[in-house]
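An overview of the molecular structure
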Amino acid sequence: MKLPSKVKLVDVGPRDGLQNEKSPVPAAVKIELVHRLQDAGLTEIEVTSFVSPKWVPQMADNAQVMAGIRRKPGVRYSVLTPNMQGFEAAVSTAPELWPDEIVVFASASEAFSQRNINCSIAQSIERFRPVVQAAQARHIRVRGAISCAVACPYEGEVAPERVELVARLMKDIGVEHIGVADTIGVGTPIKVQRAMEAALKHYAVDQVSGHFHDTYGQALANTLVCLQMGIWQFDTSCAGLGGCPYAKGATGNVATEDVVYMLHGMGIATGIDLHKLVEAGKFISDFLQRKPNSRAATALLSKAEA
Ligand code: HMG
Ligand code: MG
């Protein structure tokens, strides 16, 4: 079995992790979380999203958070921009405050597309087209995400052909990298493998990442099956924070701590200091007044207390 020797993790905690929090999290706390993640060795952090504050109030402080980050060389800071209005807001500042990467996010299911971004899949692609062009004109990288790549909270199971179609549409408009997302965390390894294979019909293995919510506790197994396919990039969320406002009942992304523990145990390098990462997860969990949703963090924290 040939596994990657190193893996890149994108911590999406500040964005995916916090977007669904009901009580406001101050910008200063989000900024501190980003600082702690970069100090722990994360080299890509999904910071915020430029979406409607009416739809996702928690991300309304996007510009303030972007402006407050002390940028660390070698770290890529990404933001979600679903349309030109979001993109223009993200680059309305001095260039040093621009994101290094933007994310356009489509869905493999029509119902989720409507609920999440208020348009059909085809319309979303047409909205993304000028965003991709404008980003590339400014040398900003473009990542795409395909939600509901395994199942949809409104439509049920989603066929791999749907994922392949959206991957092709994304490729056609120039999206450079595609994240395959199990939005509601119901996927199991063979289903996830099929979704990944669908994306790999249009993207090289170095251009595909996995984004697994962990509702049913399958995300580590799903990550492992991807590693066996040669996929080496994953979105994870410190302390297992998160959920999508338009996917009720779905829990957070797989905890970065759990993935790092698994990878290091397999001899796969991440460049991440697990101890510092656990502290970052504890920082935000303490703020939210809950325990980290990570088995590895829980074990390491109780070991440290003993
Ligand atoms: P819309 O209503 O179709 O947009 O929303 P519109 O162009 O018709 O404009 C309507 C209003 O929205 C106007 O304001 C616009 O100014 C405003 P009003 O005149 O009513 O005051 N507006 C915006 N404001 C700020 N930033 C913008 C923007 N665009 C329009 N960019 C829109 C379309 C996409 C904006 C809306 O549906 C929305 O914000 N949806 C939320 C999407 C979201 O953030 N979802 C969660 C993140 S995705 C996710 O979690 C999945 C992922 O993790 C992968 C996975 O797990 O599956 C990525
Ligand atoms: Mg997500």
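Use the structure listed above.
Residues numbered from 1 in each chain as written. Chains lettered and ligands numbered in written order. Predicted model: local features only at pLDDT ≥ 70, side-chain atom pairs only at ≥ 80, totals over all residues. Heavy atoms only, no water.

Summarising the metal site, the magnesium ion (ligand 2) is bound by the protein donors Asp16 (OD), His211 (NE2) and His213 (NE2), whose distances to it range over 2.1 to 2.3 Å. The motif formed by the donor residues of the magnesium ion (ligand 2), counted along the single chain, is D-x194-H-x1-H. The residues His211 and His213 share a single accessibility class, namely buried. (Donors = N, O, S within 2.8 Å, 3.2 Å for Na, K, Ca; no water. Buried < 20%, exposed > 50% of the residue type's maximum accessible area, 1.4 Å probe, protein only.)

For the coordinates displayed, the defined rule picks out one aromatic pair. With a centroid separation of 6.5 Å and 25° between ring planes, the pair formed by Phe112 and Tyr154 is classed as stacked. Within this pair, whereas Phe112 is found in helix α5 (residues 110-117), its partner Tyr154 is found in the loop between β6 (151-152) and β7 (156-157), the two being separated by 42 residues in sequence. On the basis of relative accessible area, Phe112 is assigned to the buried category, the value being 1%. For Tyr154, a relative accessible area of 33% corresponds to the partly exposed category. Directly above the ring of Tyr203 sits Lys171, whose terminal nitrogen or CZ lies 4.9 Å from the centroid. (Phe/Tyr/Trp six-rings, centres within 6.5 Å; stacked < 30°, edge-to-face > 60°. Helix = DSSP H or I, 4+ residues; strand = E, 2+ residues; numbered from the N terminus. Lys NZ or Arg CZ within 6 Å of the ring centre and 35° of its normal.)

At a closest axis distance of 8 Å, the pairing of helix α2 (residues 27-39) and helix α11 (residues 274-288) adopts a crossing angle of 165°. Taken together, α2 and α11 sit at an angle that is classed as roughly antiparallel. The two elements α2 and α11 meet at a crossing, and its hand is left-handed. The segment α2 lies against α11, with Val29, Glu32, Leu33, Arg36, Leu37 and Asp39 engaging Lys276, Leu277, Glu279, Ala280, Phe283, Ile284 and Phe287. Taken together, the residues of the contact of α2 with α11 break down into eight nonpolar, no polar and five charged. (Axes fitted to C-alpha atoms, helices over the stretch in contact; angles between N-to-C directions. Parallel < 35°, antiparallel > 145°, perpendicular 65-115°, else oblique. Left-handed = near helix turned anticlockwise from the far one by under 90°. Contact = heavy atoms within 4.5 Å. Nonpolar A, V, L, I, M, F, W, Y, C, P; charged D, E, K, R; others polar.)

This part takes up the pattern of salt bridges. Tallied over the full model, the rule gives 18 salt bridges. As a salt-bridge pair, Glu126 and Arg129 come within 3.0 Å of each other at their nearest N and O atoms. A residue pair is termed a helical-turn pair when its members lie 3 or 4 positions apart in one helix, as Glu126 and Arg129 do in helix α6 (residues 121-137) at three residues. Its relative accessible area of 33% is what places Arg129 among the partly exposed residues. A salt bridge links Arg168 to Asp172, with the nearest nitrogen and oxygen atoms 3.5 Å apart. Taken as a pair, Arg168 and Asp172 lie in helix α7 (residues 160-172) at a separation of four residues, close to a single helical turn. What makes Asp172 exposed here is its relative accessible area of 53%. (Salt bridge = Lys/Arg side-chain N within 4 Å of Asp/Glu carboxyl O.)

At a minimum axis separation of 10 Å, α11 and helix α12 (residues 295-305) run at an interaxial angle of 100°. With respect to α12, the axis of α11 lies roughly perpendicular. Each of Leu274, Val278, Glu279 and Lys282 in α11 lies in contact with α12, whose residues at this interface are Ala297, Leu300 and Leu301.

Let's shift gears to helix α10 (residues 256-265). Within α10, seven of the ten residues are buried, which leaves the element mostly enclosed by the surrounding structure. Every buried residue of α10 is listed here: Thr256, Glu257, Asp258, Val259, Val260, Met262 and Leu263. Where α10 is buried, its residues meet β1 (8-11), α9 (219-228), β10 (233-236), α11 and α12. Positioned one or two residues after α10, Gly267 has a phi angle of 80°, which is positive.

The environment of ligand 1 is formed by 26 residues, the closest being Asn83, Gln85, Asn116, Ser147 and Thr183. Between ligand 1 and the protein, one listed contact pairs an oxygen atom with a backbone N or O atom of Ser52 at 2.9 Å. A distance of 3.1 Å is found between a nitrogen atom of ligand 1 and a backbone nitrogen or oxygen belonging to Gly86. Against a free-state accessible area of 1100 Å², the protein chains account for coverage of 76% of ligand 1. Secondary structure elements with two or more residues in the shell around ligand 1: α1 (13-17), α4 (84-90) and α5. (Near = heavy atom within 4 Å. Polar contact = N/O pair within 3.5 Å; in protein donor to acceptor, adjacent residues only side chain to side chain. Areas by Shrake-Rupley, 256 points an atom, 1.4 Å probe, with all protein chains shown as cover.)

Here we come to the environment of Ser147. Tracing the sequence through the fold places Ser147 in strand β5 (residues 141-147). The class for Ser147 is buried, based on a relative accessible area of 11%. Between the C-alpha atom of Ser147 and that of His177, which follows or precedes it by 30 residues, the distance is 14 Å. Apart from the residues within four sequence positions on either side, Ser147 is in contact with Ala106, Ser107, Ala108, Phe112, Ala181 and Thr183.

What follows concerns the side chain of Ser113. With respect to the helices and strands, Ser113 occurs in helix α5. Excluding its chain neighbours within four sequence positions, the residues that come into contact with Ser113 are Ser107, Asn118, Cys119, Ser120 and Ile121.

Applying the stated rule across the entire model yields zero disulfides. With no disulfide partner, Cys226 has as its closest neighbouring cysteine sulfur the one in Cys148, 17 Å distant. (Disulfide = S-S within 2.5 Å.)

If you walk around this closed barrel you meet the eight strands as β1-β2-β3-β4-β5-β8-β9-β10, and the pairing is parallel. Each adjacent strand pair in this sheet contributes to an overall mean axis angle of 25°, direction not counted. Packed on one face of the sheet, α2 meets β1, β2 (44-49) and β3 (76-80) and runs near 165° to β2. (Pairing = 2+ DSSP bridges.)

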